[in-house]
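Chain by chain, the residues run as shown.
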Amino acid sequence: MRPSQVLQAISGLMAAMFVVLISSTVVATPMPQIMADLGGTNTEYTWVLVAAFLTMTVTTPVWGKLSDIFNRKALLQIALAIFTLATVAAGFAGYIGGDSHDGGATWLIGWRFVQAVGTGGLMALGQVVIADIISPRERGKYMGIMGAVMAVGQIAGPLLGGVIADTWGWEWCFFVCVPIAVVAFVMMQATLHVTTRPRPVRVDFLGIGFVVASIGLFLIWIFFGGKPADGGFEWNSALSFLIAGAGVFFAAAAIVIEFRAKASEPAAPGQPRPVKIDLVGAAFIVSGIALILIWISLGGKPDAGGFAWDSPASLTMVGVGALLTLGAIVTQFVVAEPIIPLRLFAQRTFALASIASVSVGVTMFGTSVFLAQYLQYARGFTPTDAGLATIPMVIGSMAGAIGVGQAISRTGKWKVFVILGAAILTAGLAGMSTIHYDTNIWAVWGYMFLLGLGSGVLMQNLVLVTQNSLPPTMLGSGSGAITFFRSLGGTVGVTVLGSILGTQVGDKIKTGLEELVAKIDPTLGVPQLLAENPDCADSLQQMQSGSLPDVAALCEPVRTVVESGYGDSIAHLFLLVVPLAIVTLICTIFLPNKPLSRKTASQQIEEELGAELAALEPAERGGEGFRELVESGAITLPDGQPTRRSRRHGGE
């Protein structure tokens, strides 16, 4: 395909990715206002954030596997439709419950879960579809263009969100995606042409029933255990043991059924082998990872709707999550069509890229979240100014994605660029670990540019290298797994780093304020701070409330303590991420330097199928392969029946 044809083919895909990014970031700026209008609690605000990461992460590998079985274009359109409808539905949260908006926050959280299902599909399938129509050698420059489109969405979203919320109302931040989504859907239908290879599918309804029963019982056990006063039961009661035991029994029964069904039905000659969708494994993966992510997200936060780490709810959740995850691993070993083929980890490229993707996910998602806090709480920027201040990082990401993508396509060499990207990322994180609240902003922007440059190089090209090493029939599963590990790293990273930040910031601000009020004015008998700055009384009262401070409204001495506490604590977070960047660098060094193929995934599959048919069909039709089977004794003919070759040559 000519470059113009390729761009035309992926134009709808780029529009769809732009819809996802713009719709996800446009609500970031007005989200505090949204939750305040809905009367949301701190717990509900936490769930709004957790829902987006959670569902996207756990559904990504499932979408990837489905793309190996079904029409990828249709799956893309389904994912876009799910995302758009859920986003619009979330926008109606302000109309729930009348003037009091009672239940509006719950409505928003529920549709955020559904919205992220579509996000996971678009993120997983976009790269697979590109691999279908563009060879690895040429793929770099087009994935770079895709990265640039995503960067524009990241820049425009927060700015557009503030303008829309102030002008039309925050509901329109959800509705603004509809026209773009409709255009993207039509463009994909008109321009994107993906080869379809239908395969017969079998669904294990009995296994699904066992999994649903198992997960349902475990959820009942978690939410009602230890709550006899609320209609539940004690953890050590007979009913508790009965429910938990039944859940384990059904989970084990589901695994046994999967093991017995491992031998798939044989295919008819010349027909594709029937595919059994591993819905049991998918359910185990989704539920197990979801419980562990919820445990990480809410653990240690009893005041924010969570629970203490050593509470029964915490121990139960992590135990059940670990059990379901173990069931998922066992299932992936025994089924014929696993969601995440574990045998891929025996391939060095896939294993190293997966580890590197976890580290990149922590760096990408974690640093972006806490960088915004640094700019607002340590530098005193407004949300809009903080969004503008991240432009150097976005420019670096665009430069890395587009520039390196073009260079890889021209030279065919990728390893030196990937290693260089990991080194730049490490340097950027090391630089960010030295910042304070009063560090020269140009130095901060320089470190941010390095962060963006390194992330831009690694994010797309780790997927490219992995796809180049995967069998074409496992492209969806492998690509989905890489995206899954990157999202998983980001989700866990944001949660763990957030917990560390909350503890450190609280301690530093508390210590700083105690030092401020320690000196007493001998004449007035009050802290010298209040004697010299009477307006600091309101600032001290605001800090004692426990809510996030309005930095601009604080008096100068208190403001300095807050900015210093946030600046030093966030710098420490960047320091903690440096070892992960070093792990990424080591992984990229040991990646096998396999040349990039010039064939698309579709061409590789056609060649494989063509080779199989060339070996199979002549044997079925009595040709050369048939004669060889007869001569080798694999097939015995009745006496006197000649082969086609003997008939053709007169019995020679």
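No experiment lies behind these values; they were computed from the predicted model shown.

Undergrad: I keep staring at the overall build of the chain and nothing clicks. Help me out?
TA: Helix and strand content of the chain: 24 helices and 2 strands. In the chain, which comprises 652 residues, the share counted as buried stands at 51%. Of all intrachain contacts in the chain linking residues separated by at least 6 positions in sequence, the fraction that spans at least 24 positions is 77%. Summing over all exposed atoms, the chain offers an accessible surface of approximately 28,300 Å²; the carbon and sulfur share of this is 66%.

Undergrad: When you look at the packing of aromatic side chains in this model, what are you seeing that I'm missing?
TA: In this structure the tally under the stated criterion is 9 aromatic pairs. Ring plane angle 70 degrees and centroid distance 6.3 Å describe the contact between Trp 168 and Trp 172, whose orientation is recorded as edge-to-face. For Trp 168, a relative accessible area of 58% corresponds to the exposed category. When its relative accessible area of 43% is taken as the criterion, Trp 172 is described as partly exposed. These aromatic residues form a ring-pair network of at least three members: Phe 92, Tyr 95, Trp 168, Trp 172 and Phe 175.

Undergrad: Even after reading the chapter, I still don't get the confidence of the model for the chain, so can you show me in this structure?
TA: Reading fine detail from the predicted coordinates is not recommended where pLDDT is low. Summary statistics for the chain give a mean pLDDT of 75 and a share of 75% for residues scoring 70 or more. Overall, residues 612-626 carries pLDDT values under 50, and its contacts beyond four positions in sequence, including any with other chains, amount to 17 contacts. Under a pLDDT of 50 for its full length, residues 640-652 has, in the predicted model, 11 contacts with residues more than four places off or in other chains.

Undergrad: What is the right way to read the side chain of Arg 112 from this model?
TA: Here Arg 112 shows up in helix 5 (residues 104-133). Those residues in contact with Arg 112 that sit more than four places away from it in its chain are Val 27, Val 48, Ala 51 and Ala 52.

Undergrad: Any chance you could explain the environment of Met 17 here in plain terms?
TA: Structurally, Met 17 can be placed in helix 1 (residues 3-25). Sequence spacing of Met 17 and Thr 119 is 102 residues, and the spatial spacing of their C-alpha atoms is 9.0 Å.

Undergrad: Any chance you could explain the packing of helix 5 against helix 18 (residues 475-518) here in plain terms?
TA: Relative orientation and spacing of two packed helices are given, respectively, by the angle between their axes and the distance between those axes. Where helix 5 meets helix 18, the closest approach of the two axes is 9 Å, and the angle between their N-to-C directions is 140 degrees. Between helix 5 and helix 18, the interaxial angle falls into the category oblique. Where helix 5 crosses over helix 18, the handedness of that crossing is right-handed. For the pair helix 5 and helix 18, contact is made by Met 123, Ala 124, Gln 127, Val 128 and Ala 131 and by Leu 475, Gly 476, Ser 479, Gly 480, Thr 483 and Arg 486, respectively. Within the contact of helix 5 with helix 18, the residues separate by chemical class into 5 nonpolar, 5 polar and 1 charged.

Undergrad: I'm lost on a nonpolar patch on the surface in this one. Help?
TA: Together, Val 248, Leu 323, Leu 326 and Val 330 line one region of the surface with nonpolar side chains, adding up to about 300 Å² of accessible area. Examining the composition of the nonpolar patch, we find that 3 residues originate from one element, helix 12 (residues 312-334), more than from any other. Positionally, Val 330 belongs in helix 12. Relative accessible area serves as the criterion here: at 32%, Val 330 is assigned to the partly exposed category.

Undergrad: What am I meant to see in the environment of Gly 118 here?
TA: Note on placement: Gly 118 falls in helix 5. Apart from the residues lying within four places of it in its own chain, the contact partners of Gly 118 are Ala 79, Ile 82 and Phe 83.

Undergrad: Even after reading the chapter, I still don't get helix 17 (residues 441-469), so can you show me in this structure?
TA: Compared with the 42 Å implied by 1.5 Å per residue over 29 residues, the 42 Å span of helix 17 between its first and last C-alpha is a close match. The sharpest bend along helix 17 reaches about 30 degrees and sits at Asn 461. Along helix 17, 22 of the 29 residues are buried, which leaves the element largely enclosed by surrounding structure. Its side-chain oxygen at 2.7 Å from the backbone nitrogen of Trp 442, Asn 440 defines the N-terminal cap of helix 17.

Undergrad: Could you clarify how one ought to interpret helix 21 (residues 556-589) in this entry?
TA: Structural remark: α-helix, 3.6 residues per turn; residues separated by three or four positions point the same way. Along its 34 residues, helix 21 runs 49 Å from first to last C-alpha, staying within 8% of the 50 Å computed at 1.5 Å per residue. Of all the bends in helix 21, the greatest, near 30 degrees, is centred on Val 578, and the proline Pro 579 appears no more than four residues after it.

Undergrad: How should the packing of helix 4 (residues 72-91) against helix 5 be read in this particular structure?
TA: At a minimum axis separation of 8 Å, helix 4 and helix 5 run at an interaxial angle of 155 degrees. The angle between the axes of helix 4 and helix 5 places the two elements in the roughly antiparallel class. The handedness of the crossing between helix 4 and helix 5 comes out as left-handed. Of the residues assigned to the contact of helix 4 with helix 5, the class counts are 18 nonpolar, 6 polar and 2 charged.

Undergrad: Would you mind going over the nonpolar core with me for this structure?
TA: One recurring pattern in soluble globular proteins is that nonpolar side chains are buried together. Core analysis: the largest hydrophobic core is formed by 145 residues, its most contacted members being Leu 108, Leu 122 and Val 558. Tallying contributions element by element places helix 13 (residues 348-378) first for this core, with 13 residues.

Undergrad: Where do I start with the side chain of Lys 415 in this structure?
TA: The residue Lys 415 is located in helix 16 (residues 415-432) in this model. Within the structure, Lys 415 has its side chain in polar contact with the backbone oxygen of Ile 589 (distance 2.8 Å). Not counting residues up to four positions away in its chain, the partners in contact with Lys 415 are Thr 588, Ile 589, Phe 590, Leu 591 and Asn 593.

Undergrad: Would you take a moment to explain the environment of Tyr 566 for this structure?
TA: Among the secondary structure elements, Tyr 566 is positioned in helix 21. According to the relative accessible area criterion, Tyr 566 is buried, its value standing at 8%.

About the criteria used
Residues numbered from 1 in each chain as written. Predicted model: local features only at pLDDT ≥ 70, side-chain atom pairs only at ≥ 80, totals over all residues. Heavy atoms only, no water. Helix = DSSP H or I, 4+ residues; strand = E, 2+ residues; numbered from the N terminus. Buried < 20%, exposed > 50% of the residue type's maximum accessible area, 1.4 Å probe, protein only. Contact = heavy atoms within 4.5 Å. Areas by Shrake-Rupley, 256 points an atom, 1.4 Å probe, with all protein chains shown as cover. Phe/Tyr/Trp six-rings, centres within 6.5 Å; stacked < 30°, edge-to-face > 60°. pLDDT = per-residue confidence, 0-100. Axes fitted to C-alpha atoms, helices over the stretch in contact; angles between N-to-C directions. Parallel < 35°, antiparallel > 145°, perpendicular 65-115°, else oblique. Left-handed = near helix turned anticlockwise from the far one by under 90°. Nonpolar A, V, L, I, M, F, W, Y, C, P; charged D, E, K, R; others polar. Patch = residues over 30% accessible without salt bridge, like charges linked within 9 Å, V, L, I, M, F, W, Y side chains within 5 Å. Salt bridge = Lys/Arg side-chain N within 4 Å of Asp/Glu carboxyl O. Expected span 1.5 Å × (residues − 1). Bend = angle between axes of the 7 residues up to and from the residue. Polar contact = N/O pair within 3.5 Å; in protein donor to acceptor, adjacent residues only side chain to side chain. Core = buried A, V, L, I, M, F, W, Y, C linked by side-chain atoms within 4.5 Å.

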